[in-house]
Amino acid sequence: MYFVLFSVLACLLTCHCVVENGEKDENHCGFLKQWLEYTSVSVEISNKGFHREVVNTVELSPDVLSGVRVLLVHRWPNGIYIDPYQLASLRDHSDWQILLDSAIDLEVPAHKTSGFVTYLYPTLDEQTPNLLKVTIPIHGRYHEPSFVGKTSTSVEIQTPELLLRSKKCTQLNNFEPHTVVDAPCTVDNSSTCPWIKIQHQQGRGHVSLQFPVGDGSLMKPVCGGTLLVTMICCAALSKLMWKHQIV
């Protein structure tokens, strides 16, 4: 008799906990959905030349929602590269972590490589939890010479995709117009998690960078002149060595 009564009480307590957790999850998801409407991301470029900085600005809702994580997904063109060694040197002095989807060759020109993706995990600042600024150093690759008189080429950098997730919200099936995508949970890349990808971001677009390119029509004169100067120098050096009997 006591065993049956104990079993009934345990079952009722379990059901009550499940219902209560489900209600909390639903409430948190509702707050998160409203929170998304005030979230946006923009990008700016600083510095000049081949070595630039990309400044990402994420504006979140002024209402603080605990447990929310932010992920910025950059899809970089082949005219840009990020130096992994430079990132390693910045790791201890940055409030963000970054994951590269592939190895980066620092030496190859733009037309012999392809684009890549980075996953940027910023840390929310307790003093300004509704504003994030993340600066990433980038570098321009050398481009193929132009044979039609062009002196520069344009490289477009897209605004990153903004992804959000919260452990307190597990029901991600009703967040239209936003979509749910899989991405690495952390920078360790040990597993993937569902993230909410923000759509219709304010400030969504791209910025264009200009990089100089060589004049392909000068290739033959430059090569010919270089070869001529090299031969003259070799002849002068050989004559000097012969004159002074330098072996």
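What this report covers is the structure whose coordinates are included nearby. Everything numeric in this text was worked out from a predicted model, so none of it was measured. (Residues numbered from 1 in each chain as written. Predicted model: local features only at pLDDT ≥ 70, side-chain atom pairs only at ≥ 80, totals over all residues. Heavy atoms only, no water.)

1. Considerations on the overall build of the protein
Along the backbone of the protein there are 3 helices and 12 strands. Within the protein, the proportion of its 247 residues that are buried is 33%. Considering only contacts within the protein whose residues lie at least 6 apart along the sequence, 74% involve residues at least 24 apart. When the accessible surface of the protein is totalled, it reaches about 15,900 Å², and 58% of it is carbon and sulfur. (Helix = DSSP H or I, 4+ residues; strand = E, 2+ residues; numbered from the N terminus. Buried < 20%, exposed > 50% of the residue type's maximum accessible area, 1.4 Å probe, protein only. Contact = heavy atoms within 4.5 Å. Areas by Shrake-Rupley, 256 points an atom, 1.4 Å probe, with all protein chains shown as cover.)

2. Comments concerning the side chain of threonine 57
Structurally, threonine 57 can be placed in strand β2 (residues 51–59). For threonine 57, a relative accessible area of 8% translates into the label buried. For threonine 57, the side chain forms a polar contact with the side chain of lysine 133, separated by 2.9 Å. Beyond its immediate sequence surroundings of up to four residues, threonine 57 is in contact with Ser40, Val41, Ser42, Leu131, Leu132 and Lys133. (Polar contact = N/O pair within 3.5 Å; in protein donor to acceptor, adjacent residues only side chain to side chain.)

3. A short note on the state of the cysteines
Overall, the coordinates contain 1 disulfide when judged by the stated rule. Left unpaired, cysteine 233 is separated from the closest cysteine sulfur, that of cysteine 234, by 7.0 Å. Exposure remark for cysteine 233: the relative accessible area of 47% places this residue in the partly exposed category. (Disulfide = S-S within 2.5 Å.)

4. Focus: a nonpolar patch on the surface
On the surface, a nonpolar cluster with roughly 350 Å² of combined accessible area is contributed by Leu237, Leu240, Met241 and Ile246. By the secondary structure assignment, methionine 241 is in helix α3 (residues 219–243). (Patch = residues over 30% accessible without salt bridge, like charges linked within 9 Å, V, L, I, M, F, W, Y side chains within 5 Å. Salt bridge = Lys/Arg side-chain N within 4 Å of Asp/Glu carboxyl O.)

5. Some thoughts on the packing of aromatic side chains
The tally for this structure, following the rule as stated, stands at 4 aromatic pairs. Ring centres of tryptophan 76 and phenylalanine 116 lie 6.4 Å apart, and the angle between their planes is 25 degrees; on these two criteria the pair is classed as stacked. Here the residue tryptophan 76 occupies a position in strand β3 (residues 68–76), and phenylalanine 116 occupies one in strand β6 (residues 116–122), the gap between them amounting to 40 residues. As far as the burial class goes, tryptophan 76 and phenylalanine 116 line up, both buried. By the ring-pair criterion, three or more aromatic residues cluster together here, those being Phe50, Tyr142 and Phe211. In this structure, arginine 165 packs its charged tip against the face of tryptophan 195, placed 5.6 Å from the ring centre. (Phe/Tyr/Trp six-rings, centres within 6.5 Å; stacked < 30°, edge-to-face > 60°. Lys NZ or Arg CZ within 6 Å of the ring centre and 35° of its normal.)

6. Regarding the layout of surface pockets
Put simply, the second largest pocket is a space of about 200 Å³. Pro84, Leu87, Ala88, Leu90, Arg91, Ser94, Trp96, Gln97, Ile98, Leu100, Val187 and Asp188 are the residues that line the second largest pocket. Breaking the lining of the second largest pocket down by element, the ones donating at least two residues are α2 (84–90) and β5 (96–100). (1 Å grid on protein atoms, 1.4 Å probe; cavity = no way out; pocket = protein on both sides within 12 Å on 5 of 7 lines; lining within 4 Å. Points joined across faces, edges and corners; volume = space filled by probe spheres on them.)

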